[in-house]
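What follows is each chain in one-letter form.
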Amino acid sequence: MKKLPLYVRIIIGMIAGVLFAVIMLQFANGVQFIRDWIKPFGTIFINLLKLIAVPLILASLIKGISDLKDVTKLSVMGFRTIGFYLFTTVFAVSLGLVVANIIKPGNSISETTRNEMLTTYGGVVEEKQAEAQKQQSGPLKFFEDMVPDNIFAATTSNTRMLQVIFFALFVGISMIMLPETTVKPFKDFFDSANDIILKMIDLIMLAAPFGVFALIASLVSESPSVDLFKALGWYSFSVVIGLFIMLLVFYPALIYLFTKRNPYRFLKQIFPAQLLGFSTSSSAATLPVSMEVTEKNVGVDNEVTSFVLPIGATINMDGTSLYQAVAAIFIAQAFGMDLTLGAQLAIILTATLASIGSAAVPGAGMVMLIIVLAQAGIPEAGLALIFAVDRPLDMLRTTVNVTSDCTIATIIAKQLGKLEPGKHP
Ligand code: ASP
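The structure reproduced in this document is the subject of the present report. Residue positions are given per chain, counting from 1 as you read along its sequence in written order. Given that this is a predicted model, residues contribute local features only at a pLDDT of at least 70 and side-chain atom pairs are listed and counted only at 80 or more, while totals for whole chains, interfaces and linings are drawn from all residues. Remark: hydrogens and water are excluded; side-chain values derive from all non-hydrogen atoms of the structure.

Here we look at empty space enclosed by the protein
Here is step 1: Cavities and pockets are found on a 1 Å grid laid over the protein atoms alone: a cavity is a set of points where a 1.4 Å probe fits but cannot escape, a pocket is an open set with protein on both sides within 12 Å along at least five of seven lines, and a lining residue has an atom within 4 Å of such a point. Grid points are joined across faces, edges and corners, and a volume is the space filled by probe spheres set on the points. This model, assessed by the stated rule, comprises two cavities of 30 Å³ or more.
Here is step 2: Elements that contribute at least two residues to the lining of the largest cavity include exactly α18 (364-376) and α20 (390-415).
Here is step 3: If one sorts the elements of the lining of the largest cavity by residue count, α20 sits on top with four residues.
Here is step 4: As a working rule, the residues Ala, Val, Leu, Ile, Met, Phe, Trp, Tyr, Cys and Pro are called nonpolar, Asp, Glu, Lys and Arg charged, and the rest polar, with Gly in that last group. Partitioned by chemical class, the residues of the lining of the largest cavity number five nonpolar, seven polar and two charged.
Here is step 5: In this model, the second largest cavity occupies a volume close to 40 Å³.
Here is step 6: Lining the second largest cavity, in full, are Ile57, Met161, Ala284, Leu287, Pro310, Ala313, Thr314 and Ala360.
Here is step 7: Segments assigned H or I by DSSP are reported as helices when at least four residues long, segments assigned E as strands when at least two residues long, and all are numbered from the N terminus. Counting only elements with at least two residues in the lining of the second largest cavity, the list comes to α14 (283-298) and α15 (302-315).

Quick look at unusual backbone geometry
Here is step 1: With phi around 50°, Lys104 is a residue other than glycine that occupies positive phi space.
Here is step 2: By the element assignment, Lys104 lies in the loop between α3 (71-103) and α4 (111-135).
Here is step 3: Despite not being glycine, Lys260 has its phi angle at roughly 60°, a positive value.
Here is step 4: Here Lys260 lies in the loop between α11 (233-259) and α12 (263-269).
Here is step 5: Note on exposure labels: buried denotes an accessible area under 20% of the residue type's maximum, exposed denotes more than 50%, and partly exposed covers the range between, all computed with a 1.4 Å probe on protein chains only. Relative accessible area serves as the criterion here: at 57%, Lys260 is assigned to the exposed category.

Regarding the nonpolar core
The nonpolar side chains of a soluble globular protein tend to be buried, and buried together.
Here is step 1: By size, the foremost hydrophobic cluster in this structure holds 134 residues, and its most contacted members are Tyr235, Leu276, Phe307, Ile347 and Ile386.
Here is step 2: At 14 residues, the largest contribution of residues to this core is made by helix α2 (residues 30-68).
Here is step 3: Excluding its chain neighbours within four sequence positions, the residues that come into contact with Ile347 are Val93, Leu97, Ala325, Ala328, Ile329, Leu339, Thr352, Val372 and Ala376.
Here is step 4: Judged by nonpolar contacts, the second largest core, of six residues, contains Ala21, Ile34, Ile38 and Ala214. By nonpolar core we mean a set of buried residues, namely Ala, Val, Leu, Ile, Met, Phe, Trp, Tyr and Cys, connected to one another through side-chain atoms within 4.5 Å. Contacts are assigned to residue pairs with any non-hydrogen atoms lying within 4.5 Å of each other.

Here it is as structure tokens:
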């Protein structure tokens, strides 16, 4: 029998996970069983993906940059990457604002529901506030944080990806500036390390359908009641509509405009990465797979993916910024506040910065939302209103984040003549 494509196997894993959880919920200790015997496999799977992230960034970025052989090529790629990332993020926030202003999700929330949620989830807000406070400070903090004072310390935490990227760029650029013979042994080492890491990703992906099964089963068994979804129906609907416009209209249009390729074929090529973004809610954990599908399926050269994707996974979060815009408007409306046009325009700026600052891990967008709320003068306690449905929305916004990175990598590859014909499907 011909082996099923990866994305089909992952979808089967997802559906089986939902069914399994629904069946287990009928039994008295079903939730406990899933927590004890199924969830750990999901955690192991995510850990394996994260385990590979730092070595992958180091090896592939050092290899990719030193392959460029020319610093100007790097700066061209760098400026375009940042330019496209900013453009898509600003578009996403603006779309979020438009959708939220049309649907007005906050107006339909009753006072009783509002008060109930404020009491139930009030405690969580304080926790998130404390987390957000840690991240806030001077205007140059972002750049200050990017430069590590110790590379070994930087590589010990997945939250310091930007520091690792900075180091790899620094090493790569220095290599370009030296004669080839001097750097050859070092480069050979990283070329070979890169191949080994790619093999490791292949091996991890064999377990993807099972990992996804475990992740989805535990999410479904722990998800909040349907009533909560109903109360927050219009809010969730607004976020979902915005995210779907990004996924099915905006990125396909960009792909068509800039590469003249069939956009829906492109979406199919990156589908495994989207599914994984959805199941893990983490762009960082999905990075190895985004790189694999963008290279192997779409045909983007490794020189481009190794630069554009790790940076994208860390700073380019369109889904997150769109969600932050909708959430801010929703909370303001729920508290009966009328946001002026000026205040809404300011949200474009803060949500763009907040999404850049969000870590690529589950729930990070919500922590940074506090900063957006604070800047706009919207009560931060409003976070309690949206907490219950955050996880499913996080799954979807991560899918958008991953799609955006892959889209831009493809466009930049096309512009630099580094896009081969797609190999699949
Ligand atoms: N989970 C998202 C990501 O990893 C970030 C967020 O919006 O919470 O891309």
